[in-house]
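Understanding the architecture of this molecule
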Amino acid sequence: MANKTSIKSAAVAKKPAAKPATAKPVLLAGGNPQIPKGDGDAPVQAYIAAMPGWKRDVGRRLDALIERNVPNLRKAVKWNSPFYGVEGQGWFHCFTKYIKLAFFRGTSLHPFPPGESKHKDVRYLDIREDDQLDEAQLTDWVKQASQLPGERM
């Protein structure tokens, strides 16, 4: 019996310690931070805070721009990406080398955002590290998009 107790004690002792609550989020293979799914501002702010390098500053700028221009704004983290909108519309996603803003009803915007999609209504705006962000055009697209029916997710 003594051997069984000592084997069990050794197995318990080999368990890794739990991660502290203040541990930094893991960056996934593509460079995106791994943030738990959730509704509201807190998970979105956690995602932005965990974005690597230059993307963190752009994420903060995008968050502030969207917040200023969309009445009754809803925020969430779904599918490991921040989503903004009214009735579930989502607009930006973090990638390794760029940030991709997804306009789910992008073909209804004037002018269309430049990036095409395999989905007929979706248009994208890709933002890379050295790009100059046209905040006036982006603000116009965000305002237009917030007036369109949302995507159910």
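An account of the accompanying structure is given in this report. From a predicted model like this one, the values you see are computed outputs, not experimental measurements.

Now for the overall build of the chain. Regarding its fold elements, the chain presents four helices and six strands. Helices (α) and strands (β) of the chain occur, in sequence order from the N terminus, as α-β-α-α-β-β-β-β-β-α. A burial count over the chain gives 39% of its 153 residues as buried. Restricting to contacts in the chain with at least 6 residues of sequence separation, those with at least 24 account for 55%. Accessible surface, the chain: about 9600 Å² in total, of which carbon and sulfur atoms supply 55%.

Of note, the amide linkage connecting His-110 to Pro-111 takes the cis form, showing an omega dihedral of -15°. By the element assignment, Pro-111 lies in the loop between strand E5 (98-103) and strand E6 (123-128). With a phi close to 50°, Trp-79 is a non-glycine residue in the positive phi region. Mapping Trp-79 onto the fold places it in the loop between strand E2 (74-78) and strand E3 (81-85). Positive phi is not limited to glycine here, since Asn-80 has a value of about 60°.

Along the polypeptide, Cys-94 turns up in strand E4 (residues 92-94). Setting aside residues no more than four positions away along its own chain, Cys-94 makes contact with Asn-32, Tyr-47, Met-51 and Lys-55.

What follows covers the sheet that holds strand E1 (residues 38-39). Strand order in the open sheet made by the three strands is E1-E2-E3, with antiparallel pairing throughout. Looking at strand neighbours, the two that pair on one side only are E1 and E3, the edges of this open sheet. Note: E1 against E2, two bridges, orientation antiparallel. By the bridge assignment, Asp-39 is partnered in E2 with Ala-76. Sheet strands in contact with helix H2 (residues 41-50) are E1, E2 and E3, and its direction is about 60° off that of E2.

For E5, the buried fraction is high: six of the six residues fall into the buried class. Residues Tyr-98, Lys-100 and Ala-102 line one face of E5 and the alternating positions Ile-99, Leu-101 and Phe-103 line the opposite face, and both faces are buried. The pairing of E5 with E6 spans six bridges and is antiparallel. Residue pairing in the sheet places Leu-101 in a bridge with Leu-125 of E6.

What counts, and at which threshold
All residue numbers refer to position in the chain's written sequence, counted from 1. It should be noted that, the model being predicted, local features are given only for residues of pLDDT at least 70 and side-chain atom pairs only at 80 or more, the latter also being counted only at that level, while totals for whole chains, interfaces and linings use all residues. The side-chain figures draw on all heavy atoms in the structure; neither hydrogens nor water molecules are used. Per the convention used, a helix needs a DSSP run of H or I reaching at least four residues, while a strand needs a run of E reaching at least two, with both numbered from the N terminus. Accessible area is worked out with a 1.4 Å probe on protein chains only. A residue is then buried under 20% of its type maximum, exposed over 50%, and partly exposed in between. Here a residue-residue contact requires only that any non-hydrogen atoms of the pair lie within 4.5 Å. To be clear on the numbers: accessible area is Shrake-Rupley with a 1.4 Å probe, and residue cover counts the displayed protein chains and nothing else. When DSSP locates at least two bridges between a pair of strands, those strands are taken to pair. Axis lines are fitted through C-alpha atoms, for helices just across the contact stretch, and the angle between N-to-C directions can take any value from 0 to 180 degrees.

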